[in-house]
Amino acid sequence: MTDSFVQWLAAALGGKVSGEIIIFLISMVPILELRGGLLAASPALLDVPILRAIPICIIGNILPIPFILLLIEKVLDFMERLPGLQKIALWIRNKAEKNKGQVEKYGFWGLVIFVGIPLPGTGAWTGALVASLLHMDIRKSFPAILVGIAIATVIMSLLSYGLLGALFG
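Since the model is a prediction, treat every value here as computed from it, not as a measurement. (Residues numbered from 1 in each chain as written. Predicted model: local features only at pLDDT ≥ 70, side-chain atom pairs only at ≥ 80, totals over all residues. Heavy atoms only, no water.)

### Here's the deal with the overall build of the protein chain
Selection rule: Runs of E in the DSSP output that reach at least two residues are strands. Runs of H or I that reach at least four are helices, and both are numbered from the N terminus. A radius of gyration in this sense is built from C-alpha atoms; the matching globule rule multiplies 2.2 Å by the number of residues raised to 0.38. Residue burial is assigned from relative accessible area. The probe radius is 1.4 Å, only protein chains are included, and a residue is buried under 20% of its type maximum, exposed over 50%, and partly exposed in between. Contact definition: two residues touch when any of their heavy atoms are within 4.5 Å. Method for areas: the Shrake-Rupley scheme with a 1.4 Å probe, in which residue coverage is limited to the protein chains shown. Positive: Lys, Arg. Negative: Asp, Glu. His and the chain ends are not part of the count. A single reference atom marks each charge: NZ on Lys, CZ on Arg, CG on Asp, CD on Glu.
Helix and strand counts for the protein chain come out as eight helices and zero strands. For 169 residues, the compact-globule formula gives about 15 Å, and the C-alpha radius of gyration of the protein chain, at 16 Å, lands near that figure. Structurally, the protein chain occupies a C-alpha span of about 45 × 35 × 25 Å along its principal axes. The buried share among the 169 residues of the protein chain stands at 40%. Restricting the contact set of the protein chain to residue pairs at least 6 apart, pairs at least 24 apart contribute 71%. In the structure as shown, the protein chain presents an accessible area of about 9100 Å², 71% of it carried by carbon and sulfur atoms. Between the mean site of the 13 positive side-chain charges and the mean site of the 10 negative ones, the protein chain shows a separation of 3 Å.

Listed below in structure tokens is the structure:
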């Protein structure tokens, strides 16, 4: 599903804005994040050179994280008071609750692994959400998320530019 959404977004925005802007925006979107940005940047889609794509995707993925760490609880509390948004807030809290085990058990390194291993439902957004709702110290959670993003960057660069690059390059 992520791949098809990335392809659709790249096609929809292609020709209207640069590939660099597309991958930056994709990297900021929950669920897609850096993984989707690097997939879109690959030779199979937008063909943004890897050395240009990596910093753009990292910055796009990191940019929302401090806001999530600092504000998500207040935002969710506010959403829970609004009748139309209660279900969304509950869904977000349930998603964090479902994913908190590894982070809670292993702390810093659990958060690193959770963010770094590119599996569905993991990533910097969800990691920041879990860290915030677990009341992890931002001085520990933010660096853990950065290390996780670095790991995800290596893995996704190898997949996007190595495997896809070999197939489509």
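Moving on from the coordinates now.
### Considering the side chain of Thr 153
Tracing the backbone through its elements, the reader meets Thr 153 in helix H8 (residues 138-168). Sequence-distant contacts of Thr 153, defined by excluding residues within four places in its chain, comprise Leu 34, Leu 38, Ile 54 and Ile 58.

### A closer look at the packing of aromatic side chains
Filter applied, for reference: In summary, the pairing rule links any two rings of Phe, Tyr or Trp, Trp by its six-membered ring, whose centres are within 6.5 Å, and it sorts them by plane angle into stacked for under 30 degrees, edge-to-face for over 60 and tilted for everything else.
Scanning all chains against the criterion turns up one aromatic pair. Ring plane angle 80 degrees and centroid distance 4.9 Å describe the contact between Phe 108 and Trp 109, whose orientation is recorded as edge-to-face. Taking relative accessible area as the criterion, Phe 108 reaches 26% and is therefore assigned partly exposed.

### Re helix H7 (residues 124-133)
Here H7 lies mainly inside the structure; eight of its 10 residues are buried. Residues of H7 that are buried include every one of Ala 124, Thr 126, Gly 127, Ala 128, Leu 129, Val 130, Ala 131 and Ser 132, and no others.

### A short note on the side chain of Lys 95
Here Lys 95 shows up in helix H6 (residues 86-116). Discounting residues that sit within four places of it in the chain, Lys 95 has contacts with Gly 121 and Thr 126.

### A short note on the pattern of salt bridges
Operational definition: For this document, the term salt bridge refers to a Lys or Arg side-chain nitrogen within 4 Å of an Asp or Glu carboxyl oxygen.
Counted under the stated rule, the structure contains six salt bridges. Across the pair Arg 52 and Glu 20 runs a salt bridge whose closest N-O atoms are separated by 2.6 Å. A residue pair is termed long-range when its members are at least 10 positions apart, and Arg 52 in helix H4 (residues 50-62) and Glu 20 in helix H2 (residues 19-28) qualify at 32 residues. The exposure class of Arg 52 is partly exposed, given its relative accessible area of 43%. Here the salt bridges do not stand alone but share partners, grouping Asp 77, Glu 80 and Arg 93 into one network.

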